[in-house]
Amino acid sequence: MFSTEVYAQTNSVYDAISSGTVFADFRLRYEGVSQDNPLEDADALTFRTRLGYRSGDLNGFSFTVEMEDNRIALGQGDYTVGPSGYNPGLYSVVADPEFTELDQGFVQYKKDGFTAKVGRQVIALDGHRFVGHVGWRQDRQTFDAATVVYAPNKNLKVQYSYVDQRNRIFGEDADLDAKDHFLNASYQSSLGKLVAYSYLLEVDNGTDNSLDTYGVSFRGAKELAGTKVSYGVEYATQTNTNATLDADTDYIQAELGADILGINAKLAYEVLGSDDGVVGFSTPLATLHKFNGWSDQFLATPAGGLVDTSFSLSGKLAGGKWLAVYHDFKADEASATLDDYGTEINLQYVTTLAEKYQVAIKYADYSSDGFKVDTEKLWVWVSTKF
């Protein structure tokens, strides 16, 4: 016979499991790529599924398990995924391989402003500029990590993660063992959010390598004379070291926006600096598609660095949201042959049907000025989650 104490504990475990929730996320997406080079145009129709379970709470403890799968739909798989060895060298790249994997699987403890999480997990910090989940791709980026968060009140938050594996966007074909440290502290004031951070990255491959970044940012928004004005500034310094390199670079970002007659206008200036044209400031764990143009020409910062001056307009139309962005790209340190990289136009419209289905179309047009080649990309998708 079970004692009363043991029975009560067993019953609590049962309640925690039986009170859990099942969740799902589905996305069917077409991506077409055309480039001014010998590669064939890419056409990809893929269907991504995420299915997960989140337990109830037992004395502050809970667990989450989530699986992720991506399949080519209707035979539309004319594209290349290099790390997966899929159609190498034939088509333009669409970075959405077929795969099935554990997306998240972690145990969490949460109580009185303190949270600890151990296992495979999503980590996204400060708009994804340095650490993100790359959720734009069908296989999002996760980390095998231990994370602790302390938030003694609604304004102050400190987060630290130690990562021993980076689960990249190519199934398991490009995952990396790591010894990464993420430290991020933020304070929300009436004027905006102040953040200080350090991201110390190291690939655990037996070689001498490190990418250490320290920075600070401030972003906020205020109502001025009946107009909402947003603003932001950020600075970071980075040391990139390996067996043949010891480089120091800087990062600068500033933006100013305003809502005028229902339209938001924003001007942004971003510099990923260069160390004498040898290496550029790098953000390898960012949600890179979100920054420096949707055609993804600058997933790796050029050796001469990057200066991105952009202007965007956004608003609402027919129950949905539209966005238009113009980018002008230049080198931070010009070479004898390369100064201007080119320009890019980005257009997007997203709406919701039947309250639960997101339908969207998106377009990117990069015009090269000597860096890479002219590139056009088109996306159409429908997604839902519950």
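Residues numbered from 1 in each chain as written. Predicted model: local features only at pLDDT ≥ 70, side-chain atom pairs only at ≥ 80, totals over all residues. Heavy atoms only, no water.

What follows is about the overall build of the protein. Of regular secondary structure, the protein possesses one helix and 18 strands. Relative to the compact-globule value of 21 Å for 386 residues, the protein shows a C-alpha radius of gyration of 23 Å, a close match. Taking the principal axes of its C-alpha atoms as reference, the protein extends roughly 85 × 55 × 50 Å. Evaluated residue by residue, the protein yields a buried proportion of 44% over its 386 residues. A total accessible area of about 19,300 Å² is found for the protein, and carbon and sulfur atoms account for 59% of it. The distance from the centre of the 32 positive side-chain charges to the centre of the 54 negative ones in the protein is 10 Å. (Helix = DSSP H or I, 4+ residues; strand = E, 2+ residues; numbered from the N terminus. Rg over C-alpha atoms; globule rule 2.2 N^0.38 Å. Buried < 20%, exposed > 50% of the residue type's maximum accessible area, 1.4 Å probe, protein only. Areas by Shrake-Rupley, 256 points an atom, 1.4 Å probe, with all protein chains shown as cover. Lys, Arg positive; Asp, Glu negative; His and termini not counted. Charge placed at Lys NZ, Arg CZ, Asp CG, Glu CD.)

Across 11 bridges, the pairing between strand S14 (residues 306-317) and strand S15 (residues 320-330) is antiparallel. Its bridge partner lying in S15, Lys-316 is registered against Lys-321. As consecutive antiparallel partners, S14 and S15 are separated by two residues, and within that stretch Ala-318 has a phi angle of approximately 50°, a positive value. In this sheet, strand S16 (residues 340-353) lies alongside S15 in antiparallel orientation, the contact comprising 10 bridges. Looking at the pairing, Ala-324 lines up with Leu-347 of S16. (Pairing = 2+ DSSP bridges.)

With that out of the way, let us pick up the UniProt feature "domain: Alginate export" (unreviewed entry) in the protein. This chain's UniProt record puts "domain: Alginate export" (unreviewed entry) on residues 27-151. The distance separating the terminal C-alpha atoms of residues 27-151 is 34 Å; by composition the span is 0% helix and 56% strand. (UniProt positions renumbered as here; feature names shortened; annotations may be inferred.)

Checked against the element boundaries, Asn-184 lands in strand S8 (residues 176-188). Assessed through its relative accessible area of 6%, Asn-184 is described here as buried. A distance of 3.0 Å separates a polar atom in the side chain of Asn-184 from a polar atom in the side chain of Tyr-199. Leaving out residues up to four positions away in the same chain, Asn-184 has contacts with Leu-125, Asp-126, Lys-157, Val-158, Gln-159, Val-195, Ala-196, Tyr-197 and Tyr-199. (Polar contact = N/O pair within 3.5 Å; in protein donor to acceptor, adjacent residues only side chain to side chain. Contact = heavy atoms within 4.5 Å.)

Turning next to the packing of aromatic side chains. The full count for this structure, using the stated rule, is 22 aromatic pairs. Judged by centre distance (4.8 Å) and plane angle (45°), the ring pair of Tyr-341 and Phe-371 falls under tilted. Within this pair, whereas Tyr-341 is found in strand S16, its partner Phe-371 is found in the loop between strand S17 (357-368) and strand S18 (375-385), the two being separated by 30 residues in sequence. Of the residues examined, Phe-371 reaches a relative accessible area of 13% and is grouped as buried. A network of ring pairs unites the aromatic residues Phe-130, Phe-143, Phe-182, Tyr-197, Tyr-199, Tyr-251 and Phe-281 as a single cluster. (Phe/Tyr/Trp six-rings, centres within 6.5 Å; stacked < 30°, edge-to-face > 60°.)

In this section: the pattern of salt bridges. Considering all chains together, one arrives at 21 salt bridges under this definition. For the salt bridge of Asp-25 with Lys-385, the shortest nitrogen-to-oxygen distance reads 3.7 Å. Placement of Asp-25 in strand S1 (residues 21-35) and of Lys-385 in strand S18 is noted, with a sequence separation of 360 residues between them. One network of salt bridges, in which partners are shared, links Asp-25, Arg-48, Arg-50, Glu-66, Glu-68, Asp-103, Arg-140 and Lys-385. (Salt bridge = Lys/Arg side-chain N within 4 Å of Asp/Glu carboxyl O.)

This brings us to the confidence of the model for the protein. In this model, the protein carries a mean pLDDT of 95, and residues with pLDDT of at least 70 account for 97%. Confidence drops under a pLDDT of 50 for residues 1-9, and excluding neighbours within four residues, the segment shows two contacts in the predicted structure. (pLDDT = per-residue confidence, 0-100.)

Note that soluble globular proteins tend to have their nonpolar side chains buried in a common cluster. Judged by nonpolar contacts, the single largest core of 25 residues is most densely connected at Ile-123, Phe-130, Val-131, Phe-143, Phe-182, Tyr-199 and Tyr-341. Listing elements by their share of this core, those giving two or more residues are strand S6 (142-150) and strand S9 (193-201). Element by element, the count of residues in this core is highest for S9, at four residues. The next biggest cluster of nonpolar side chains, apart from the first, holds 11 residues, and it includes Tyr-79, Val-81, Val-94 and Val-134. (Core = buried A, V, L, I, M, F, W, Y, C linked by side-chain atoms within 4.5 Å.)

Time to look at the environment of Val-93. With respect to the helices, strands and loops of the structure, Val-93 is situated in the loop between strand S3 (61-78) and strand S4 (99-111). Classification of Val-93 by relative accessible area gives partly exposed; the value is 45%. C-alpha of Val-93 to C-alpha of Ala-44: the two residues are 49 residues apart in sequence and 9.7 Å apart in space. Those residues within four positions of Val-93 in sequence are excluded, and the remaining contacts are Val-33 and Thr-80.

Moving on, we come to a negative patch on the surface. A cluster of acidic side chains, namely Asp-246, Asp-248, Asp-250, Asp-276, Asp-332 and Glu-333, defines a negative patch on the protein surface. If you trace the backbone, Asp-276 turns up in the loop between strand S13 (263-272) and S14. Under the relative-accessibility criterion, Asp-276 is labelled exposed at 64%. (Patch = residues over 30% accessible without salt bridge, like charges linked within 9 Å, V, L, I, M, F, W, Y side chains within 5 Å.)

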